[in-house]
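# Working through the structure, step by step
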Amino acid sequence: MSPICDRLEAVRERIRAAEARFGRPEGSVRLLAVSKTKPAQAVREAFQCGQHAFGENYAQELAEKAEALAGLDLEWHYIGPLQSNKTRLVAAHAHWMHSLDREKIARRLAAQRPDGLPPLQVCLQVNVSAEPQKAGVLPGELPALAEAVAGIEGLSLRGLMTLPARSDDFDSQRRAFARLRQCLEDLQARGFTGLDTLSMGMTGDLEAAIAEGATLVRVGTAIFGPRD
Ligand SMILES: *Cc1c(COP(=O)(O)O)cnc(C)c1O
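These lines cover the structure that appears in this document, whether it is placed above or below. None of these values were measured; they are calculated from a predicted model.

## Quick notes on the overall build of the protein chain
Along the protein chain, the regular secondary structure elements total nine helices and eight strands. By principal-axis analysis of the C-alpha atoms, the protein chain measures approximately 50 × 40 × 30 Å. Of the contacts made within the protein chain by residues no fewer than 6 positions apart, 58% connect residues no fewer than 24 positions apart. By element, 49% of the accessible surface of the protein chain is carried by carbon and sulfur atoms, the whole surface being about 10,500 Å². One way to put it: in the protein chain the 28 positive side-chain charges average out to a point 3 Å from where the 29 negative ones average out.

## Concerning the state of the cysteines
In the structure shown here, the tally under the stated rule is one disulfide. Paired through a disulfide, C5 and C49 show a sulfur-sulfur distance of 1.6 Å. The disulfide joining C5 to C49 has a torsion of about -55° about its S-S bond and is therefore left-handed. Placement of C5 in helix α1 (residues 3–21) and of C49 in the loop between α2 (40–48) and β2 (53–56) is noted, with a sequence separation of 44 residues between them.

## Quick word on helix α5 (residues 103–112)
A turn of α-helix holds 3.6 residues, and therefore any two residues three or four places apart point the same way. Within the span of α5, buried status applies to I105, A106, L109, A110 and Q112. Those residues of α5 that are buried lie in contact with α4 (87–93), β4 (96–100), β5 (120–125), α6 (142–150) and β6 (155–161).

## A closer look at the side chain of H77
With respect to the secondary-structure elements, H77 resides in strand β3 (residues 75–78). Within polar-contact distance, the side chain of H77 engages the side chain of E75 at 2.7 Å. At 2.8 Å, the side chain of H77 forms a polar contact with the side chain of H98.

Criteria and thresholds
- Residues numbered from 1 in each chain as written.
- Predicted model: local features only at pLDDT ≥ 70, side-chain atom pairs only at ≥ 80, totals over all residues.
- Heavy atoms only, no water.
- Helix = DSSP H or I, 4+ residues; strand = E, 2+ residues; numbered from the N terminus.
- Contact = heavy atoms within 4.5 Å.
- Areas by Shrake-Rupley, 256 points an atom, 1.4 Å probe, with all protein chains shown as cover.
- Lys, Arg positive; Asp, Glu negative; His and termini not counted.
- Charge placed at Lys NZ, Arg CZ, Asp CG, Glu CD.
- Disulfide = S-S within 2.5 Å.
- Buried < 20%, exposed > 50% of the residue type's maximum accessible area, 1.4 Å probe, protein only.
- Polar contact = N/O pair within 3.5 Å; in protein donor to acceptor, adjacent residues only side chain to side chain.

Read these as layout, nothing more, since geometry by itself doesn't imply function.
Right, dumping it as structure tokens:
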């Protein structure tokens, strides 16, 4: 087995253990393998070990890998910051977009989605730690953005995503993720009943995210090794 298979299996085991420990149903947390900066060959290896969903941070890199691996049944998730001059690449290649935080980008993605593709599945990125300079909307800005995005044909609003301030402390990791869960519950209470996705947790904090209700964790380093 390739080292990627071994590491994937170890991450799956971490997810299963966290599901059991925090009372989450088995299989309720999806694994997104974050392949940014890694070659297409690494994606192919992970696919051969049963991994289906991959995350990319750079639009050009997403397009290149999606084209190079077009023969495989892969699901591509865009998770990085997106400039309006790169929306076309994401609209053409991604199945999911996690980092939506502006209505203008949402409108461009919908307008540029090629005919025949299913709606782009989207999550709104929330700056739960209210860090200046950080991508994502503040919790108070969410209802207005959700309202706008939910009305755009060609997009399907699925939930929320966050990338909290880095912390090695389990309880503070949990507090940040609990804020995202609260944001989702607030939107559900406002009538956004179709939202089912909490995209949160990475290599260093996926257990805390699962404890707080993550439905999808985005893991790079633990699967593909450190990035340059
Ligand atoms: C790079 C990245 C990840 C994966 O981080 P690791 O610590 O390598 O698991 C997850 N989410 C986003 C948004 C990222 O940019």
